[in-house]
Amino acid sequence: MSAKKPAEKRQNRTTRDFGVLPQIQVDPRSVPIPPAHLTERWVRSWEVFWASPFAQVVQPAQYPALERLFSMYEERERMDTYLREEPMTVGSQGQKILNPMYRQRTSVDAEIRQLEDRFGLHPKAGLQLGIVYGEAARSLEELNARITNATIAEANSEADPRYIDSDAVEGSAEEAALLVADQ
C-alpha cells in the first residue's frame, strides 16, 4: 500500500485523514476484556494498547481482529521459546534438519505485520491511515515562527567578523576589502 496523497492533491477530496490523535484518558471500564488465554504479559500489553491514542480509532467491529493480533503475539512468543529449545529435529531419513516450525513462525509473522498495518501500529502504517504524528503535525505557521525567531536571534548575536565597515576605511568598499585582505 502506498502512502496517501496530501488532501489537496487527491481526486476524491472527501476522504478524510484521522489527523493528530490526541491523548485522551480512557475509562478503564470501557476497555474490552482481553482474551482469556492471554498470559499476564500480553494482558498488560492489551491494556497499554487501549490506553494509547491508537485505541481511539478501533471500532467494536474490529475487536475480533485485534484479539487475533494479540493471540498471535502470544503464539509467536511460544514458538520462539520452543525453537530456542529445539532448533533442529530429525528428518525422515534420520538426518538433522531445521525445525519445520520456523516456516510456521514466518507465516505468523506475516499475519501479525498485516494486522499491525491495519491498526496503524507503526509510523508508516499510521501515516497511510491518515494518522499524523507529533513532528508531522506541526503547522506551517509554527515552522515559519521558528525560522523567524532563529533569524532574529542570529541578528542579535555578535557581529560577523567578516563584515567590513566601509565608513571606517577610507575609499570605496572594494579598496577596503583589498586592504583587509592584505592584512
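Cut-offs applied
- Residues numbered from 1 in each chain as written.
- Predicted model: local features only at pLDDT ≥ 70, side-chain atom pairs only at ≥ 80, totals over all residues.
- Heavy atoms only, no water.
- Helix = DSSP H or I, 4+ residues; strand = E, 2+ residues; numbered from the N terminus.
- Buried < 20%, exposed > 50% of the residue type's maximum accessible area, 1.4 Å probe, protein only.
- Contact = heavy atoms within 4.5 Å.
- Areas by Shrake-Rupley, 256 points an atom, 1.4 Å probe, with all protein chains shown as cover.
- Core = buried A, V, L, I, M, F, W, Y, C linked by side-chain atoms within 4.5 Å.
- Expected span 1.5 Å × (residues − 1).
- Arc of directions from axis to C-beta.
- Phe/Tyr/Trp six-rings, centres within 6.5 Å; stacked < 30°, edge-to-face > 60°.

Student: How do you make sense of the overall build of the protein chain when you look at a structure like this?
Tutor: When helices and strands are counted, the protein chain shows six helices and four strands. Starting at the N terminus, the α and β elements of the protein chain follow one another as β-α-α-β-β-α-α-β-α-α. The buried share of the protein chain, taken over its 183 residues, is 23%. Excluding contacts between residues fewer than 6 apart, the proportion of contacts in the protein chain whose partners are at least 24 apart in sequence is 54%. Surface accessibility of the protein chain: about 13700 Å² in total, with carbon and sulfur atoms responsible for 55%.

Student: Looking at this model, I keep getting lost on the nonpolar core. Mind explaining?
Tutor: Soluble globular proteins: nonpolar side chains tend toward being buried together. If you look at the biggest cluster of nonpolar residues, it comprises 19 residues, and the most contacted ones within it are Phe49, Trp50, Leu66, Leu69 and Phe70. With seven residues, helix 2 (residues 63-85) is the largest single contributor of residues to this core. Look past the residues within four positions of Phe49 in its chain and what remains in contact with it is Phe54, Ala55, Val58, Leu66, Phe70 and Leu121.

Student: Would you mind showing me how to read helix 1 (residues 40-51) here?
Tutor: Residues separated by three or four positions in an α-helix point in the same direction, a consequence of the helix having 3.6 residues per turn. When the terminal C-alpha atoms of helix 1 are compared, their 17 Å separation across twelve residues agrees well with the 16 Å that a helix rising 1.5 Å per residue should span. Among the residues of helix 1, those classed as buried are Trp42, Trp46, Phe49 and Trp50. One face of helix 1 carries all of its buried residues, which in axial projection span an arc of 95°. Of the residues in helix 1, the exposed ones pointing more than 90 degrees away from the buried face are Glu40 and Val48. The elements touched by buried residues of helix 1 are helix 2.

Student: Before we go on, may I ask you to explain the packing of aromatic side chains in this structure?
Tutor: Each pair of aromatic rings is reported with the distance of its centres and the angle of its planes. Taken as a whole and assessed by the stated rule, the structure comprises seven aromatic pairs. Each ring, one from Trp46 and one from Trp50, has its centre 6.0 Å from the other, and the planes form 55°; the classification is tilted. Residue Trp46 and its partner Trp50 are located together in helix 1, separated by four residues, close to a single helical turn. With respect to class, Trp46 is no different from Trp50; both count as buried. Where Phe49 meets Trp50, the ring centres are 5.4 Å apart and the plane angle is 85°; that geometry is what we call edge-to-face. Every member of this aromatic cluster is reached through a ring pair, and the members are Trp42, Trp46, Phe49, Trp50, Tyr63, Phe70 and Tyr73.

In short, geometric facts, not functional conclusions.
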